Amino acid sequence: MSESENIDAATAPPETPEPTQTAVPETGSCPFSGATADGAGLVDSATLHAALRRRSFLRGAAVGAAGAVAVGAGVAGATVATADDGSSTGSGRLIPFHGANQSGILTKPQAFATFVSFNATAKSRADLIDLFKTITTRARFLTAGGTPADLGLASPPSDSETLGPVVPADGLTITLGVGASLFDDRYGLSSRKPARLSKMPVFPNDDMVDSTELHGDISLQICADHQDTVMHALRDIAKHTRGAMQGNWKIDGFQAVPRPSGTQRNQLGFKDGIANPDVNDDSSTSALIWAHGGLRGEQQWAGGGSYQVIRIIRMLVEFWDRVSLNEQELMIGRRRETGAPLSGTGEFDTPEYTSDPMGNVIPLDAHIRLANPRTKASYDQQILRRGYNYDRGFDVDGNLNVGLAFCCYQQDVVRQFEAVQTRLIDEPLVDYISPTGGGYFFALPGVRNSADYFGSGMFA
């Protein structure tokens, strides 16, 4: 289950500055107190979670490049000969890259995603700027699609061709974020840190002791209509940024096909993400999603960006599958079959809280009720969820390692995500979910045109 439940506001949003976003909307923790091993092979908490920590992808791959930064995608890059027209293996969808805001935030979630944290290894501020320019050039080409540059038989190929000779756009979005640690004294950015950016704290019920999947200098969210497109984009960016950033951790995810219709289901079998702020309403996104430069102490350059939260939430399905349906539904506050709130009959019905003050229908500690009590005061605490299911196979004890790659965006991570997460402390569901990693990042403002690059305002 995701860590929040949002609604379209029943009350008018607070006054906010005029929206700056021009992005094209896409149309088209587990305590286990006293648990011991049983006959089914379920294990106690200490044993179960000892196997959770493992470093993913690219560890050490960037170390051997002697600090050299791959710059200027003109030589190492590609020419966009033709935008993807659907004749290649992609879906034919092209999501615009340029705009005041990054794509991949308001964009309707694609089928596949990866969330990757990197540590910056650039040797100087100038090298870091070159890194961000290189990522921009690669993202600009990859999201548009086209024919990679022909560097000749004597040179390594400019592209892996895992997608064939022509790179399809395939609904690809590449969203770049920065973590609080990037604003230390290495690159002269300490005075430029977004106002509410910090390292993600460890919340009660989290299981992050000795986690190797926390924080990072840089985040990439890569989403596309096909899994191989996501992997191709990550591989391309890793190749061109070798020596300037080093992979820290990553989590891959997929969107489940809605069954039988409506919203996707998570690994607990419940529909996840039924309600979110209306991304087609500029007043809503301005009030809840986009940062505004100069507002409440925010950095002027940060306008058009958004605070990103990533949480790796393991779902302990072997335990969950032994719980009665009635108890599951009371913990969530919704019917498993239809997604309807316990007070309603349809998936998108508004939960009735005012007529149920004692929680006789929807318990007061139900997930959806704690996450969003649907009051006037909680309106501006809504977050935009963009989560993906994950499957990492089995752990060393034979337990399924599955869960939710939770991701959300908001204008103020303290006012929004942390307020929601605080209400969820010790909810009944914590016996069946185990947050094991993640981090806070700031998704940079968009790249406005072909002369602009990621972070240009931050470095100005």
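Computed from a prediction, not measured in an experiment: that's the story for all the values here.

Novice: Sorry, what's going on with the overall build of the protein here?
Specialist: What the protein contains, in helices and strands, is ten helices and nine strands. Per-residue burial for the protein yields a buried fraction of 57% across its 460 residues. For the protein, the exposed surface amounts to about 17800 Å²; the carbon and sulfur share of it is 54%.

Novice: Just to check I follow, could you spell out the pattern of salt bridges for this structure?
Specialist: It is possible for side chains bearing opposite charge to pair when their charged atoms get close. Taken as a whole and judged by the stated rule, the model has 15 salt bridges. The partner of Arg196 in a salt bridge is Glu298, with the nearest N and O atoms 3.9 Å apart. Taken together, the residues span a long stretch of sequence, with Arg196 in the loop between β2 (173-178) and β3 (218-224) and Glu298 in the loop between α5 (282-288) and β5 (306-315) at a distance of 102 residues. The exposure classification of Arg196 matches that of Glu298, with both residues buried. With a shortest N-O distance of 3.0 Å, Asp395 and Arg314 are connected by a salt bridge. Of this pair, Asp395 sits in the loop between β7 (388-394) and β8 (400-410) while Arg314 sits in strand β5; the two residues are 81 residues apart in sequence, bridging distant segments of the chain. What you see here is one network of salt bridges that share partners, running through Asp184, Arg186 and Asp217.

Novice: Before we go on, may I ask you to explain the nonpolar core in this structure?
Specialist: What tends to happen in soluble globular proteins is that the nonpolar side chains get buried as a cluster. One finds Leu128, Phe132, Leu182 and Met458 to be the most contacted residues of the largest nonpolar core, which totals 71 residues. The leading source of residues in this core is helix α3 (residues 125-144), at eight residues. Once residues within four sequence positions are removed from consideration, Met458 is found in contact with Phe132, Val178, Leu182, Phe183, Leu189, Arg192, Trp301 and Leu444.

Novice: Would you mind going over the packing of aromatic side chains with me for this structure?
Specialist: Note on aromatic pairs: each is described by the distance of the centres and the angle between the planes. Per the stated rule, a full pass over the model turns up ten aromatic pairs. Aromatic side chains Phe132 and Phe459 sit 5.4 Å apart centroid to centroid with 85° between the ring planes, which places their arrangement in the edge-to-face category. With Phe132 in helix α3 and Phe459 in helix α10 (residues 456-459), this residue pair connects regions lying 327 residues apart in the sequence. According to the relative accessible area criterion, Phe132 is buried, its value standing at 0%.

Novice: Looking at this structure, I do not really get the state of the cysteines. What am I missing?
Specialist: Note: disulfide means a covalent bond formed between the sulfur atoms of two cysteine side chains. Under the definition given, this model contains zero disulfides. The thiol sulfur of Cys407 is not disulfide-bonded, and the nearest other cysteine sulfur, from Cys408, lies at 6.6 Å. Residue classification places Cys407 among the buried residues on the basis of a relative accessible area of 0%. Exposure remark for Cys408: the relative accessible area of 0% places this residue in the buried category.

Novice: Looking at this model, I keep getting lost on the confidence of the model for the protein. Mind explaining?
Specialist: Should the pLDDT be low somewhere, the predicted coordinates at that spot are not to be read in detail. With 81% of its residues at a pLDDT of 70 or more, the protein shows a mean pLDDT of 86. Taken together, the stretch residues 7-87 has pLDDT below 50 and engages in 200 contacts with residues farther than four places along the chain or on a different chain.

Novice: When you look at unusual backbone geometry in this model, what are you seeing that I'm missing?
Specialist: The phi torsion of most residues other than glycine is negative, and most of the peptide bonds are trans. Cis rather than trans, the peptide bond between Arg259 and Pro260 has omega equal to -5°. The residue Pro260 is located in the loop between β4 (245-254) and α5 in this model. Its identity as a non-glycine residue notwithstanding, Asp210 has a phi of 65°, on the positive side. As for its placement among the helices and strands, Asp210 is situated in the loop between β2 and β3.

Novice: Looking at this structure, I do not really get the pairing of β2. What am I missing?
Specialist: Regular strands place their side chains on alternate faces of the sheet. Among the six residues of β2, six are classified as buried, and the element is accordingly described as predominantly covered. The alternating pattern of β2 places Thr173, Thr175 and Gly177 and Ile174, Leu176 and Val178 on opposite faces, both of which are buried. Alignment of β2 against β3, held across six bridges, turns out to be antiparallel. Within β3, the position partnered with Gly177 by the bridge is Ser219. In the sheet, β2 pairs with strand β9 (residues 433-443) via two bridges, with the strands oriented antiparallel. When the sheet's bridge partners are listed, Gly177 is paired in β9 with Ala443.

Novice: It is not clear to me how helix α9 (residues 414-423) should be interpreted in this structure. Could you clarify?
Specialist: For the α-helix, the turn length of 3.6 residues means that residues three or four positions removed from each other point alike. Of all the ten residues making up α9, seven are buried; the element is thus mostly covered by neighbouring parts of the structure. By the burial criterion, the buried members of α9 are Arg415, Gln416, Phe417, Glu418, Ala419, Val420 and Gln421. Along its buried surface, α9 packs onto α5, β5, α8 (367-371), β8 and β9.

Novice: What is the right way to look at the side chain of His240 in this model?
Specialist: The residue His240 is located in helix α4 (residues 227-240) in this model. A distance of 3.5 Å separates polar atoms of two side chains, one belonging to His240 and the other to Arg138.

Novice: Just to check I follow, could you spell out the environment of Val257 for this structure?
Specialist: Structurally, the position occupied by Val257 is in the loop between β4 and α5. Residue Val257 is classed as exposed on the basis of its relative accessible area of 53%.

Novice: Whenever I open this one, the packing of α3 against α4 confuses me. Can you help?
Specialist: For any two helices packed against each other, one specifies the inter-axial angle together with the distance between the axes. Where α3 meets α4, the axes come as close as 10 Å, and the angle between the chain directions of the two elements is 150°. The angle between the axes of α3 and α4 places the two elements in the roughly antiparallel class. As for how α3 packs across α4, the hand of that crossing is right-handed. Each of Thr134, Ile135, Arg138 and Leu142 in α3 lies in contact with α4, whose residues at this interface are His232, Ala233, Asp236, Ile237 and His240.

Novice: Looking at this structure, how should I read α3?
Specialist: With 20 residues, α3 extends 29 Å between its outermost C-alpha atoms, agreeing within 8% with the 28 Å of an ideal straight helix rising 1.5 Å per residue. A positive backbone phi angle near 80° is found at Gly145, which sits one or two residues after α3.

Novice: When you look at the environment of Trp301 in this model, what are you seeing that I'm missing?
Specialist: Note on placement: Trp301 falls in the loop between α5 and β5. Residues Trp301 and Ser456 lie 155 residues apart in sequence; the distance between their C-alpha atoms is 8.7 Å. Contact partners of Trp301, with chain neighbours within four places excluded, come to Phe183, Arg192, Pro194, Phe442, Leu444, Pro445, Gly457 and Met458. A polar side-chain atom of Trp301 sits 3.0 Å from the main-chain carbonyl oxygen of Arg192.

Conventions and cut-offs
- Residues numbered from 1 in each chain as written.
- Predicted model: local features only at pLDDT ≥ 70, side-chain atom pairs only at ≥ 80, totals over all residues.
- Heavy atoms only, no water.
- Helix = DSSP H or I, 4+ residues; strand = E, 2+ residues; numbered from the N terminus.
- Buried < 20%, exposed > 50% of the residue type's maximum accessible area, 1.4 Å probe, protein only.
- Areas by Shrake-Rupley, 256 points an atom, 1.4 Å probe, with all protein chains shown as cover.
- Salt bridge = Lys/Arg side-chain N within 4 Å of Asp/Glu carboxyl O.
- Core = buried A, V, L, I, M, F, W, Y, C linked by side-chain atoms within 4.5 Å.
- Contact = heavy atoms within 4.5 Å.
- Phe/Tyr/Trp six-rings, centres within 6.5 Å; stacked < 30°, edge-to-face > 60°.
- Disulfide = S-S within 2.5 Å.
- pLDDT = per-residue confidence, 0-100.
- Pairing = 2+ DSSP bridges.
- Polar contact = N/O pair within 3.5 Å; in protein donor to acceptor, adjacent residues only side chain to side chain.
- Axes fitted to C-alpha atoms, helices over the stretch in contact; angles between N-to-C directions.
- Parallel < 35°, antiparallel > 145°, perpendicular 65-115°, else oblique.
- Left-handed = near helix turned anticlockwise from the far one by under 90°.
- Expected span 1.5 Å × (residues − 1).

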